[in-house]
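Results of the structural survey
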Amino acid sequence: KYRNYENGIFHLDFINKPEPIDHKTPKTNASVDSEKIITHLDAVERANPEIKEIFHEIRGRIMQLDDKIVEKLNLNYYAYRVSKNFAELQVGKTQIILFLRPIDFIDPLKKVTKVPDSYNWTMTSKVILRNFDDIQYALDLIEQSYKETI
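Here we summarise the structure given alongside this text. Remember, it's a predicted structure, so these values are computed and weren't measured experimentally.

Let us now look at the pattern of salt bridges. On inspection of all chains with the given rule, the structure shows six salt bridges. A salt bridge links E71 to R59, with the shortest nitrogen-to-oxygen separation between them at 2.7 Å. Here E71, found in strand β3 (residues 70-73), pairs with R59, found in helix α2 (residues 49-64); they are twelve residues apart in sequence, far enough to count as distant. E143 is paired through a salt bridge with K147; the nearest N and O atoms lie 3.4 Å apart. With E143 and K147 both in helix α3 (residues 134-149) and four residues apart, the pair spans about one turn of that helix. Note on E143: relative accessible area 32%, which makes it partly exposed.

Now the structure itself:
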């Protein structure tokens, strides 16, 4: 069915209207055990206690940089952005991998390594965090990456 309006505008009515898709409710398969579904927080919970504390400290300090910072949870990482992503955190059991924008960092300890070009990632600088001593150094690098986006 359709309706004609003035100036050549018309409206189509659906005859067989499709069911609305609920994007907020995850699709589940009856054969999948609901206890095996892993959430983003599960990655943090599986980490050892020191890595959990490091993650929460870095996350809190990132969010304090600017009120406009948005945290986005993706399948494998936490992303932080203002106008563009400036940091991503992948939480493992014994380490956190910090991905940053591809800029020339002030990196006196040479902890920043490059992600291979073949990955075609935007965040091509990476730092591995394993203990509390890495926090302040990582925060300095995060701030440099953040400043490149504003």
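Looking now at the sheet that holds β3. Here we have six strands laid out as an open sheet, ordered β3-β4-β5-β6-β8-β7, and antiparallel in their pairing. In this open sheet, the two strands that pair with only one neighbour each are β3 and β7 (113-114). Against the sheet, α2 contacts β3, β4 (78-81), β5 (85-91), β6 (96-100) and β8 (125-129), and its axis sits at roughly 165 degrees relative to β5. Packed onto the sheet, α3 meets β5, β6 and β8 and runs at close to 145 degrees relative to β5.

Under the 1.5 Å per step criterion, the end-to-end length of α3 is 23 Å for 16 residues, consistent within 8% with the ideal 22 Å. Within α3, the full set of buried residues consists of D134, I135, Y137, A138, L139, L141, I142, Q144, S145, Y146 and T149. Looking at the buried positions of α3, the neighbouring elements they touch are α2, β5, β6 and β8.

Here we come to the nonpolar core. One finds I58, L89, L98 and I142 to be the most contacted residues of the largest nonpolar core, which totals 27 residues. Only α2, β4, β5, β6, β8 and α3 provide two or more residues apiece to this core. Residues contacting L98, with those up to four places away along its chain left out, are A87, E88, L89, S125, K126, V127, L129, A138 and I142.

What counts and how
- Residues numbered from 1 in each chain as written.
- Predicted model: local features only at pLDDT ≥ 70, side-chain atom pairs only at ≥ 80, totals over all residues.
- Heavy atoms only, no water.
- Salt bridge = Lys/Arg side-chain N within 4 Å of Asp/Glu carboxyl O.
- Helix = DSSP H or I, 4+ residues; strand = E, 2+ residues; numbered from the N terminus.
- Buried < 20%, exposed > 50% of the residue type's maximum accessible area, 1.4 Å probe, protein only.
- Pairing = 2+ DSSP bridges.
- Contact = heavy atoms within 4.5 Å.
- Axes fitted to C-alpha atoms, helices over the stretch in contact; angles between N-to-C directions.
- Expected span 1.5 Å × (residues − 1).
- Core = buried A, V, L, I, M, F, W, Y, C linked by side-chain atoms within 4.5 Å.

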